[in-house]
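Architecture and fold: a report
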Amino acid sequence: MEVKVMLSDELASVDLATLQTLVAVQDRASFSDASQLLGVNQSTISYAIKRLRKAFNDPLFVRQGNSIVATDKGEQLAQQARGILEQMAALSSPSGFDPATAEGSVTVSCNHHERMFVIPDFVRRAQKEAPKATIHIFESAVDGKQQLKQNTCDIVLGPVAILGDIYYRRKLFTDHYACVMDPAHPLAQGTPTLDRYCAARHVAVTHNGRWEALYFAALRATGIELQPEVTVSSHDILERLIPGSQLVATIPYRLARRLSDRLALRPFPMDVFIQVDIYWTERTHHSGLHRWARQILAEVAEKNLGGGDVHKGGDRLTGGR
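The name that an unreviewed UniProt entry assigns to the protein is LysR family transcriptional regulator, with the source organism given as Mesorhizobium amorphae CCNWGS0123. One UniProt comment on the protein, placed under Sequence similarities (unreviewed entry), says "Belongs to the LysR transcriptional regulatory family."

See the structure below:
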């Protein structure tokens, strides 16, 4: 039995350019910024959104302060539109991807841990194999999920799970915690016990007070509430801060090992696992350039770090956004 799908005139007039406008407005939270992004007049943006509002019987965007936010239907529609645009782009692309001729950009967001061990070789390979592509490296701090959602980056590398049914994940490498301190520090003598560790004076990396390293939760689970006496925004200051002090830093072992020629390196008195993953969204899932970039990141991690639990392919994560 043949079933005919009847569309209203308004809905039938919705084309890919209109969907692209919808996505741009949601990403930029501004009609004027969307017009600059797409290179069209702001009146063109307004007209496209007006047509969509009529077709879907919803305002789609409402003003909130100096910006606009999507309604529930607007957000749902933008997500669907993004998927349609990606599928159309994938169908229009040549079946074979050649990095040597590929153009475009890849934006990777990460922090000190990943920048030290993965990014340098990734950039070198990218420049060699895809000379026409542009690579951008951003600081993620604790904003990786938001950066992906707002499309300010294409790939996030990090140890914190980004949950939601619009995100994909690929395991990159694993690590664990270790302690570094001045060689004259009492804790540098022998293997630290948990009591001696907790009695020490601590410095913690907090990304301006917005991040708590995983070992804090592990200690809290045993009833220990560790209170650092010093907090810093990034790991890169530790090698100059710790010498001559009584401070102990608990950081990923791979980072701690790089400091072992100047600082004492001792095991953290608990076994706390760190897993660094690659995250991306549907927007770049089918892109040949971005798929190639994710594979290069995984290969570099495998070569430099043994890769940990790196698996081929990406698994979509489920759960609340």
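Moving on from the model shown.
**A few points about the environment of Asp121**
Structurally, the position occupied by Asp121 is in helix α7 (residues 119–129). Given the relative accessible area of 23%, Asp121 is considered partly exposed. Distance in space between the C-alpha atoms of Asp121 and Ile296 is 9.2 Å, their sequence separation being 175 residues. Leave out the neighbours within four places in its chain, and Asp121 touches Val300 and Asn304. A distance of 2.5 Å separates polar atoms of two side chains, one belonging to Asp121 and the other to Arg124.

**Description of the side chain of His235**
Along the polypeptide, His235 turns up in the loop between β8 (230–232) and α11 (238–241). Look at His235 and you get buried, because its relative accessible area is 18%. In this structure His235 touches His112, Val205, Ile251, Pro252 and Leu255, once residues within four positions along its chain are discounted.

**Comments concerning the domain arrangement of the protein**
Each assigned domain of the protein is listed here: domain 1 (12–91) and domain 2 (101–307). Computed from C-alpha coordinates alone, the two centres of domain 1 and domain 2 are separated by 36 Å. Across the contact, 7 residues belong to domain 1 and 9 residues belong to domain 2. Both sides together, the interface formed by domain 1 and domain 2 hides about 610 Å², and carbon and sulfur atoms give 49% of it. Our count for the domain 1 to domain 2 interface comes out at 0 salt bridges. Element by element, the count of residues in the side of domain 1 that touches domain 2 is highest for helix α5 (residues 72–92), at 6 residues. Considering only residue class, the side of domain 1 that touches domain 2 consists of 1 nonpolar, 2 polar and 4 charged.

**Describing unusual backbone geometry**
Negative phi is the rule for most residues except glycine; trans is the rule for most peptide bonds. Despite not being glycine, Ala141 shows a phi value in the positive range, around 50°. Tracing the sequence through the fold places Ala141 in the loop between β4 (133–139) and α8 (144–149). A relative accessible area of 22% places Ala141 in the partly exposed class. Although it is not a glycine, His207 sits at a positive phi angle of roughly 50°. Note that His207 resides in the loop between β7 (201–205) and α10 (214–221). When its relative accessible area of 10% is taken as the criterion, His207 is described as buried.

Calculation notes
Residues numbered from 1 in each chain as written. Predicted model: local features only at pLDDT ≥ 70, side-chain atom pairs only at ≥ 80, totals over all residues. Heavy atoms only, no water. UniProt positions renumbered as here; feature names shortened; annotations may be inferred. Helix = DSSP H or I, 4+ residues; strand = E, 2+ residues; numbered from the N terminus. Buried < 20%, exposed > 50% of the residue type's maximum accessible area, 1.4 Å probe, protein only. Contact = heavy atoms within 4.5 Å. Polar contact = N/O pair within 3.5 Å; in protein donor to acceptor, adjacent residues only side chain to side chain. Domains from an automatic or database assignment. Buried area = accessible area lost by both parts, 1.4 Å probe. Salt bridge = Lys/Arg side-chain N within 4 Å of Asp/Glu carboxyl O. Nonpolar A, V, L, I, M, F, W, Y, C, P; charged D, E, K, R; others polar.

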